[in-house]
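Spelled out from the first residue to the last, the chains are:
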Amino acid sequence: SAVRHEVTELLAGSDYPLLSLPSGAALEAPPLSTGQSSRAPSVSGVFRESLRSLGAALLVTQQHFVRCIKPNSTKTPHSLDAAYVQRQLRYLGVGAVLEIGRAGYQVKLPYASFLGRYRCVVFDQPGLLDGPPREAAERLLRAAAGKLD
């Protein structure tokens, strides 16, 4: 079924961010290959194209996961419910990750990636990051350990 003009106007005026379209934007169908007739874009065609573009965007990004652990279910300060925390860690798969690490499958960042990720630790000492990446990473770690003392 084709996307009607009224539907695009309705989506453009929506108050919900997930449904709203930027002003002047229109739903577009994927480009037609040779031999296809020029028809109005179908809802499924627009969805497929949107899904493809989302997949392409995810492939070029670097995902980071934040795992939040709540100390108790009552939200009271200075109270730790060990069983509650343990259950959260089990559901998040933290134990499995630790077992994999102990088995020898640790995730090892290349030195250049490590420096890129943690250079903010020594933002006030940019000279520490000069030279070969391995030596720069060692200097960064020594500086960070010194800041913790």
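Please refer to the structure higher up on the page.
Figured I'd write up the structure that's included with this text.

### Examining the overall build of the chain
For step 1, the next point in the chain: Looking only at helices and strands, the chain features six helices and zero strands.
For step 2, the next point in the chain: Starting at the N terminus, the α and β elements of the chain follow one another as α-α-α-α-α-α.
For step 3, the next point in the chain: Counting the 149 residues in the chain, one finds 13% classified as buried.
For step 4, the next point in the chain: Sequence separation of 24 or more characterises 25% of the internal contacts of the chain that already satisfy a separation of 6 or more.
For step 5, the next point in the chain: Only carbon and sulfur atoms are counted for the fraction: they give 60% of the accessible area of the chain, which is about 12,500 Å².

### Regarding unusual backbone geometry
For step 1, the next point in the chain: Its identity is not glycine, yet K75 carries a phi of approximately 60°, on the positive side.
For step 2, the next point in the chain: Within the element layout of this structure, K75 appears in the loop between α2 (43-59) and α3 (82-92).
For step 3, the next point in the chain: When its relative accessible area of 75% is taken as the criterion, K75 is described as exposed.
For step 4, the next point in the chain: A positive phi angle is found at H78, which is not glycine, with a value near 60°.

### Things to note about the side chain of Q88
For step 1, the next point in the chain: With respect to the helices and strands, Q88 occurs in helix α3.
For step 2, the next point in the chain: On the basis of relative accessible area, Q88 is assigned to the buried category, the value being 15%.
For step 3, the next point in the chain: Polar side-chain contacts of Q88 include one of 2.7 Å to the backbone oxygen of K70.
For step 4, the next point in the chain: Excluding residues that lie within four positions of it along the chain, Q88 makes contacts with C68, I69 and K70.

### Re the pattern of salt bridges
For step 1, the next point in the chain: Taken as a whole and judged by the stated rule, the model has three salt bridges.
For step 2, the next point in the chain: Two residues, E138 and R142, come together in a salt bridge whose shortest N-O distance is 3.9 Å. Of the two residues, E138 and R142 both sit in helix α6 (residues 133-148), four residues apart, roughly one turn of that helix.
For step 3, the next point in the chain: For E138, a relative accessible area of 33% translates into the label partly exposed.
For step 4, the next point in the chain: One connected set of salt bridges, linked through shared partners, spans R134, E138 and R142.

### Regarding the nonpolar core
One recurring pattern in soluble globular proteins is that nonpolar side chains are buried together.
For step 1, the next point in the chain: In terms of nonpolar packing, the biggest core is built from nine residues, these being F114, L115, V122, L128, L129, A136, A137, L140 and A143.
For step 2, the next point in the chain: Broken down by secondary-structure element, the contributors of at least two residues to this core are α5 (111-118) and α6.
For step 3, the next point in the chain: By residue number, the principal contributor to this core is α6, which donates four residues.
For step 4, the next point in the chain: Those residues in contact with L140, other than ones at most four positions away along the chain, are F114, L115, Y118, R119, V122 and L129.

### Let's talk about a nonpolar patch on the surface
For step 1, the next point in the chain: A cluster of nonpolar residues, F47, L51, L54 and L58, forms a patch on the protein surface that exposes about 420 Å² of accessible area.
For step 2, the next point in the chain: Topologically, F47 is positioned in helix α2.

### Some remarks on the packing of aromatic side chains
For step 1, the next point in the chain: Here the structure, examined in full by the defined rule, presents one aromatic pair.
For step 2, the next point in the chain: Between F114 and Y118 the ring centres are 5.0 Å apart and the planes differ by 50°, which places this aromatic pair in the tilted class. One end of the pair is F114 and the other is Y118, both in helix α5 and four residues apart, which spans about a single turn.

Reading the values: the criteria
Residues numbered from 1 in each chain as written. Predicted model: local features only at pLDDT ≥ 70, side-chain atom pairs only at ≥ 80, totals over all residues. Heavy atoms only, no water. Helix = DSSP H or I, 4+ residues; strand = E, 2+ residues; numbered from the N terminus. Buried < 20%, exposed > 50% of the residue type's maximum accessible area, 1.4 Å probe, protein only. Contact = heavy atoms within 4.5 Å. Areas by Shrake-Rupley, 256 points an atom, 1.4 Å probe, with all protein chains shown as cover. Polar contact = N/O pair within 3.5 Å; in protein donor to acceptor, adjacent residues only side chain to side chain. Salt bridge = Lys/Arg side-chain N within 4 Å of Asp/Glu carboxyl O. Core = buried A, V, L, I, M, F, W, Y, C linked by side-chain atoms within 4.5 Å. Patch = residues over 30% accessible without salt bridge, like charges linked within 9 Å, V, L, I, M, F, W, Y side chains within 5 Å. Phe/Tyr/Trp six-rings, centres within 6.5 Å; stacked < 30°, edge-to-face > 60°.

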